[in-house]
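Overview (structure and organization)
Given next are the chains, with one letter for each unit.
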Amino acid sequence: MPLQVRDYSWQQTRTAVFISVPLRGVCIRDADVFCAENYLKVNFAPFLFEVFLYAPIDDESSKAKIGDDTIVFTLHKKEAVMWETLSVSGVDKKMMQKIREKSVLQAQEKAKEATEAKAAARREDQKYALNIMMKIEEEERKKIERIKENERIKATKELEAWKTHQRKAEEQKRIKREEKLHQQEKQIEEERKKLKHKSLTGNSTSRNIATKGRNSENIFSEKLKEDSIPAPRSIGSIKINFTPRAFPTALRESQVAEEEEWLHKQAAARRAMNTDIPELRDLKEEEKNPEWLKDKGNKLFATENYLAAINAYNLAIRLNNKIPLLYLNRAACHLKLKNLHKAIEDSSKAYRIMKPHLRLIHPTTLYKMMRRRLGM
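Residues numbered from 1 in each chain as written. Predicted model: local features only at pLDDT ≥ 70, side-chain atom pairs only at ≥ 80, totals over all residues. Heavy atoms only, no water.

Bringing helix H4 (residues 290-302) into the picture now. With 13 residues, H4 extends 18 Å between its outermost C-alpha atoms, agreeing within 8% with the 18 Å of an ideal straight helix rising 1.5 Å per residue. Listed as buried for H4 are Pro 290, Leu 293, Lys 294, Gly 297 and Leu 300. The arc that holds the buried residues of H4, viewed along the axis, is 120 degrees, so those residues lie on one side. Exposed positions of H4 whose direction lies more than 90 degrees from the buried face are Lys 299 and Ala 302. (Helix = DSSP H or I, 4+ residues; strand = E, 2+ residues; numbered from the N terminus. Expected span 1.5 Å × (residues − 1). Buried < 20%, exposed > 50% of the residue type's maximum accessible area, 1.4 Å probe, protein only. Arc of directions from axis to C-beta.)

Laid out in structure tokens, this is it:
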């Protein structure tokens, strides 16, 4: 049974109570202090200090200072009055036990409330941190989207500039061609005028000679007159053979290599259409064209329907596997779907088809063309 400490001292003011309890040589770490509104206990084995306070105190603002083998309590009163005694008088054991249990329950409830408040504060902190992280991620996402949009606009402007340059170059070529044709027509017109002038001069000379003969009554006038009139031409026919052509232009104005390549592609496409391909049965005649299927795939790619675009490019490649744009467009679709191996495979096929022509293009120009094609 613990020994009760009796040699303590206490003082008071209207707002506070000061209690000094000796530790009697006990280590500070072994002292156990418990304080409630109406109950104060210090347990430092084998001693025990226990007091049932005269009036309630504010246990949250009260303090205990341990040092120099003494514990000094500073207890703040809830009501600013002077106490008659430190502990309440006339308390039996049953009442003491009841006060102890009530004090312990109050302490447990306060500890529970403090724990819940701390947990709620922790949850609020986590929620706040999560909101901050979400805002940061949203800002990063918007930043990435802005960068992508700027790159897209930049690539679009470059493509528009390139198209404008191409149109201007074509316009200049057309103007030069028209000027050349105009000069040729002018030269032909001048030559025609010269020939007409020569014919008129010859006719006037013959008429002058005939007039002079008549005036001088030359005996040879009739003979000269007969010689000046040519004999009628005989009737005949001239056979003209034309070179067989599959194009409406003349052979001298055509580009034989490009026309032969076009005819070869058309023949390959017709052979592919004549084969038994199940996907071609439901298509119209104008839809069985690789160019039409390529345009259809481009429209599907613009609407981000990449799988349907791949199907259109697949069918176009089965019709004609010599068009590099079909492989490049399909590679762009695979790149959007993160099918990197297929994108590399299609790009390699397009490169093999375009390799003979790419040798004549500067590497920087080729790099820009590939970036525009892949939408990078």
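Strand S6 (residues 47-52) sits mainly inside the fold: 6 of its 6 residues count as buried. Going residue by residue along S6, you find Phe 47, Phe 49 and Val 51 tucked away on one face and Leu 48, Glu 50 and Phe 52 tucked away on the opposite face as well. The sheet contact formed by strand S1 (residues 3-4) and S6 spans 2 bridges and is parallel. What sits directly across from Gln 4, in S6, is Leu 48. Note that strand S5 (residues 39-44) and S6 share 6 bridges and pair antiparallel. The residue of S6 that forms the bridge with Val 42 is Phe 49. The antiparallel hairpin formed by S5 and S6 contains 2 residues in its connecting segment. (Pairing = 2+ DSSP bridges.)

A few words on the packing of H4 against helix H6 (residues 324-336). As a packed pair, H4 and H6 sit with axes 11 Å apart at the nearest point and diverge in direction by 20 degrees. As the angle between them shows, H4 and H6 are arranged roughly parallel. The interaxial crossing formed by H4 with H6 has left-handed handedness. In contact with Pro 290, Lys 294, Asn 298 and Phe 301 of H4, H6 contributes Leu 325, Leu 326, Asn 329, Ala 332, Cys 333 and Lys 336. Here the residues of the contact of H4 with H6 are counted per class, giving 6 nonpolar, 2 polar and 2 charged. (Axes fitted to C-alpha atoms, helices over the stretch in contact; angles between N-to-C directions. Parallel < 35°, antiparallel > 145°, perpendicular 65-115°, else oblique. Left-handed = near helix turned anticlockwise from the far one by under 90°. Contact = heavy atoms within 4.5 Å. Nonpolar A, V, L, I, M, F, W, Y, C, P; charged D, E, K, R; others polar.)

The 4 strands lie next to each other as S2-S3-S8-S7, forming an open sheet whose pairing is antiparallel. Looking at strand neighbours, the two that pair on one side only are strand S2 (9-12) and strand S7 (57-67), the edges of this open sheet. Put simply, the sheet's adjacent strands are angled 15 degrees from each other on average, direction ignored. Across 4 bridges, the pairing between S2 and strand S3 (residues 16-22) is antiparallel. By the bridge assignment, Trp 10 is partnered in S3 with Ile 19.

All told, the structure shown has 13 salt bridges when counted by the stated rule. In this structure, Lys 294 and Asp 295 form a salt bridge, with 3.8 Å as the shortest nitrogen-oxygen distance. Judged by its relative accessible area of 11%, Lys 294 is buried. (Salt bridge = Lys/Arg side-chain N within 4 Å of Asp/Glu carboxyl O.)

Once that is clear, we can look at the nonpolar core. Core analysis: the largest hydrophobic core is formed by 21 residues, its most contacted members being Ile 19, Phe 44, Phe 49, Phe 73 and Leu 75. Where this core is concerned, the elements lending two or more residues are S3, S5, S6 and strand S8 (70-77). In contact with Leu 75, other than residues within four places in its own chain, are Thr 15, Ala 16, Val 17, Ile 19, Cys 35, Leu 40, Leu 53, Ile 57 and Ser 62. (Core = buried A, V, L, I, M, F, W, Y, C linked by side-chain atoms within 4.5 Å.)

All right, on to the packing of helix H5 (residues 306-319) against H6 then. Contact pair H5 / H6: the axes reach a minimum separation of 9 Å and the direction vectors enclose 155 degrees. As the angle between them shows, H5 and H6 are arranged roughly antiparallel. Read as a crossing pair, H5 and H6 show a hand that is left-handed. On the side of H5, the interface is formed by Tyr 306, Ala 309, Ile 310, Tyr 313, Asn 314, Ala 316 and Ile 317, while H6 contributes Leu 326, Tyr 327, Asn 329, Arg 330, Cys 333, His 334 and Lys 336. Tallied by class, residues from the contact of H5 with H6 come to 9 nonpolar, 3 polar and 2 charged.

Looking now at the environment of Asn 298. Take Asn 298: it is sitting in helix H4. Exposure remark for Asn 298: the relative accessible area of 29% places this residue in the partly exposed category. Between the alpha carbons of Asn 298 and Asn 329 there is a distance of 7.7 Å; along the sequence they are 31 residues apart. Apart from the residues lying within four places of it in its own chain, the contact partners of Asn 298 are Tyr 313 and Asn 329. Polar contacts involving the side chain of Asn 298 include one to the side chain of Asn 329, which spans 3.0 Å. (Polar contact = N/O pair within 3.5 Å; in protein donor to acceptor, adjacent residues only side chain to side chain.)

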